[in-house]
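Examining the three-dimensional arrangement
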2 protein chains.
Amino acid sequence: MAVNLSAPTRLAPIAGAEWAVGEAAIKKPGRNDMAVLKLADTATVAGVFTQNAFAAAPVRVAQRHSASGRVRALLINSGNANAGTGRRGEADALACCESVAAALSIEADEVLPFSTGVIGQHLPVERMQACIATLGARLTSDNWLDAAQAIMTTDTVPKGATRSVDIGDDTCVTLTGISKGSGMIRPDMATMLAFIATDAAIDADALDKALRAAMQGSFNAISVDGDTSTNDACIACATGTGATLAPTSPGWSAFVDALTDLARELAQAIVRDGEGATRFITLDVTGARDVDEARAVAFTVAHSPLVKTACFAGDPNWGRILAAVGRAPVQAFSIDRVAIALDDVAIVSDGEPRDDYAEVDAAAVMGQSEYTINIDLGRGDTSARIWTSDLSYEYVRINAEYRS
Amino acid sequence: MAVNLSAPTRLAPIAGAEWAVGEAAIKKPGRNDMAVLKLADTATVAGVFTQNAFAAAPVRVAQRHSASGRVRALLINSGNANAGTGRRGEADALACCESVAAALSIEADEVLPFSTGVIGQHLPVERMQACIATLGARLTSDNWLDAAQAIMTTDTVPKGATRSVDIGDDTCVTLTGISKGSGMIRPDMATMLAFIATDAAIDADALDKALRAAMQGSFNAISVDGDTSTNDACIACATGTGATLAPTSPGWSAFVDALTDLARELAQAIVRDGEGATRFITLDVTGARDVDEARAVAFTVAHSPLVKTACFAGDPNWGRILAAVGRAPVQAFSIDRVAIALDDVAIVSDGEPRDDYAEVDAAAVMGQSEYTINIDLGRGDTSARIWTSDLSYEYVRINAEYRS
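Residues numbered from 1 in each chain as written. Chains lettered and ligands numbered in written order. Predicted model: local features only at pLDDT ≥ 70, side-chain atom pairs only at ≥ 80, totals over all residues. Heavy atoms only, no water.

- In the nomenclature of an unreviewed UniProt entry, chain A is known as Arginine biosynthesis bifunctional protein ArgJ of Salinisphaera shabanensis E1L3A.
- Its UniProt record, at the heading Function (unreviewed entry), says of chain A: "Catalyzes two activities which are involved in the cyclic version of arginine biosynthesis: the synthesis of N-acetylglutamate from glutamate and acetyl-CoA as the acetyl donor, and of ornithine by transacetylation between N(2)-acetylornithine and glutamate."
- Check the Sequence similarities (unreviewed entry) section of the UniProt entry for chain A; it says "Belongs to the ArgJ family." (UniProt positions renumbered as here; feature names shortened; annotations may be inferred.)

This is the structure we're talking about:
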């Protein structure tokens, strides 16, 4: 069902970043559901975590461990989110970190744990520890795609991307990332898991700054169903095996641009593989007074089940877009200057339907698998762009049957 | 598909309130799609209107006309919302008011127009005017059910209710109301149409106060899909043919209670007939610091597509409830004192799953057509109760095929 998305054909290795994957049969047997990423001891790590008040046990542990400043490995499992599992959930996450530490000869608080899958069930810790014990011998830098597959849940396509960026003086750094997620997707933050590594040497504060700069136009600009997960995180690792970069370096902005571009591709892949998605829709809101109101309008439209079902049907029922714009939390909002267009088909100008609008034109736009809904609020010069998917029968089926 | 809802068997006439219905074939022929309510010249009227910035043309006209202080008739059409229709939309609504004025020998600005149906199409004014011209001769006080049927759109069951309230001294007043709506339903305000009349004599200010008091626990406490309509309104009429009531009357609180109870039944009927609904779910949030945060949590859970699909499936995937609570916009929210129960099945206490929880018990609750999700935030003593429905294949079908 994924919209114009196929598995990545090439994910470049990153020196100093090695993956191993294995099967712990967490939800069911027959697939790899565990992955460990071992980082060079020169590595720095930055992370952005879910804003959900019910942050899952592994998120709380990962935040504590990353605050200690030294990270040598990431552990990810799919099939079980270890969320809503109370104190035992934290103990389980720590026990897995200890197994990784033993397998890789590092410290347990140098391991960041991540879990994704069903909420409210305890981890099968013993099976996971037995699997972890086998992973140290399987580490290799050329298996990002295996890792992308191991972290999938309802994803139908593994997600990954690579960028190479020239930072000057004939020096390149490489970035490779993978992501997972197709439901419970909305911003603030991150409603999915994403792991990005680069061989550049970047201090932790600068890496954190670069990652946060990359979020707004990527993982914090997508929505499938408006539900923020308890588990989500985006982690950036700089292994320090390549060229040194700092915010004062000539190549810094090129690096941040590449990181943003990579993050955007990974984030868009999640929307393209959104549960039941048949359309990939860009929402461009312009003419806002500030970015908060631009994003509020964009997400209100993106979350409207009526807009999403009209998109599924390819039905240019633009009144639903207008109604969603009208209920967005915008202060002192007048419709008199609002314009709406689908791609280049102008429908509404100055708050009224245009005389030259012909429904057949809008239907042609909405018949495509990808298009843009343009909304101009006509009250300022700030804009925001986000991406979303439609709401189909298949979304309901996937989420009604998820645990059966 | 409606959940435990059947057509009303008896809707008591209200002296001084007469309905006439007719067919203008607005969307398609074969049903009554126009209704006029003529009020005694002693009547007072109060109204609550949509908060959507894109209020439809008839809403804007009705607000202007009701501000003038004297209302003698309501005109309602289904099949076309006259929304997103610009200046011509207002002219069309006014033209219909003029036809009503001519038919009933009243003034056009004494007529409140209401429209419901598809957005963004112009009204077939000539057909509507031809129909209106025939309505004056058909007025009768004993056809509330006909009116309830004429205002239906995707509703599958006509909605109405009656209350008789003893206001002391062996004196009764009667209230009868009808409502419509099954999609684009969420509060603030009103996401549907409802028309309530009583024979009591109540001045306009007091009637307005009573209506607003009745809203919070009725029409402003329901959600089907989180979409606020451009057209919605709840109108209360006191025809003045019966006993006189004022806020200082001994019977006033009994009257307001009866109005609230009637409004709640009409509002709940809309949820029971929610598009594709297979469950009627009460959300009780307790232990909040104030009513705003209690309602914020309740509506965040009610709007979660993941919770709604789990409800459809009857799957006690309570982690989705927990995740939705966790992303509600509540300041300084800690999970440590949160409790969740389905009816009397306690699942989470102090933010953790209970040792005595057995999924089979929760599955039994969620297998019912009606149940309550109880969420105790454990941080205050304020509560809120709202009602919602589930998200089914049928919701997607109805809204994907609405215009075809």
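1. Details of the relation of the copies chain B and chain A
- For the pair chain B and chain A, the relating rotation is 180°, the translation along its axis is 0.0 Å, and the fit reaches an RMSD of 0.0 Å. What the rotation and shift describe, once combined, is the action of a two-fold rotation axis. Relative to the rotation axis, the C-alpha of Y393(B) is the closest in chain B, positioned 2.7 Å from it. (Least-squares fit on C-alpha atoms with pLDDT ≥ 70 in both.)

2. Digging into the pattern of salt bridges
Residue and element names in this part refer to chain B.
- Summed over all chains, the structure comprises 30 salt bridges over all chains.
- The salt bridge partner of E370 is R272, with a shortest N-O separation of 2.4 Å. Separated by 98 residues along the polypeptide, E370 in strand 15 (residues 370–376) and R272 in helix 6 (residues 252–272) bring together distant segments of the chain. (Salt bridge = Lys/Arg side-chain N within 4 Å of Asp/Glu carboxyl O. Helix = DSSP H or I, 4+ residues; strand = E, 2+ residues; numbered from the N terminus.)

3. A short note on the packing of helix 1 (residues 57–67) of chain B against helix 2 (residues 86–104) of chain B
All names here are of chain B.
- Between helix 1 and helix 2, whose axes approach to 8 Å, the crossing angle comes to 55°. In terms of orientation, helix 1 and helix 2 fall into the oblique class. For the crossing formed where helix 1 meets helix 2, the hand is right-handed. Facing helix 1, whose interface residues are A57, P58, R60, V61, R64 and H65, helix 2 presents G86, G89, E90, A93, L94 and C97.
- Taken together, the residues of the contact of helix 1 with helix 2 sort by class into 6 nonpolar, 3 polar and 3 charged. (Axes fitted to C-alpha atoms, helices over the stretch in contact; angles between N-to-C directions. Parallel < 35°, antiparallel > 145°, perpendicular 65-115°, else oblique. Left-handed = near helix turned anticlockwise from the far one by under 90°. Contact = heavy atoms within 4.5 Å. Nonpolar A, V, L, I, M, F, W, Y, C, P; charged D, E, K, R; others polar.)

4. Looking at the sheet that holds strand 6 (residues 159–166) of chain B
Residue and element names in this part refer to chain B.
- Spatially, the 5 strands line up as an open sheet ordered 3-10-8-7-6, and their pairing is mixed. Each edge of the open sheet carries a strand with a single partner, namely strand 3 (44–49) and strand 6. This sheet shows a mean twist of 15° between the axes of neighbouring strands, independent of strand direction.
- Where strand 3 and strand 10 (residues 233–238) come together, 6 bridges link them in antiparallel fashion. Looking at the pairing, A46 lines up with A236 of strand 10.
- Strands in contact with helix 6 are strand 6, strand 7 (172–180) and strand 8 (193–198); relative to strand 6, the strand with the most contacts, it is inclined by about 165°. (Pairing = 2+ DSSP bridges.)

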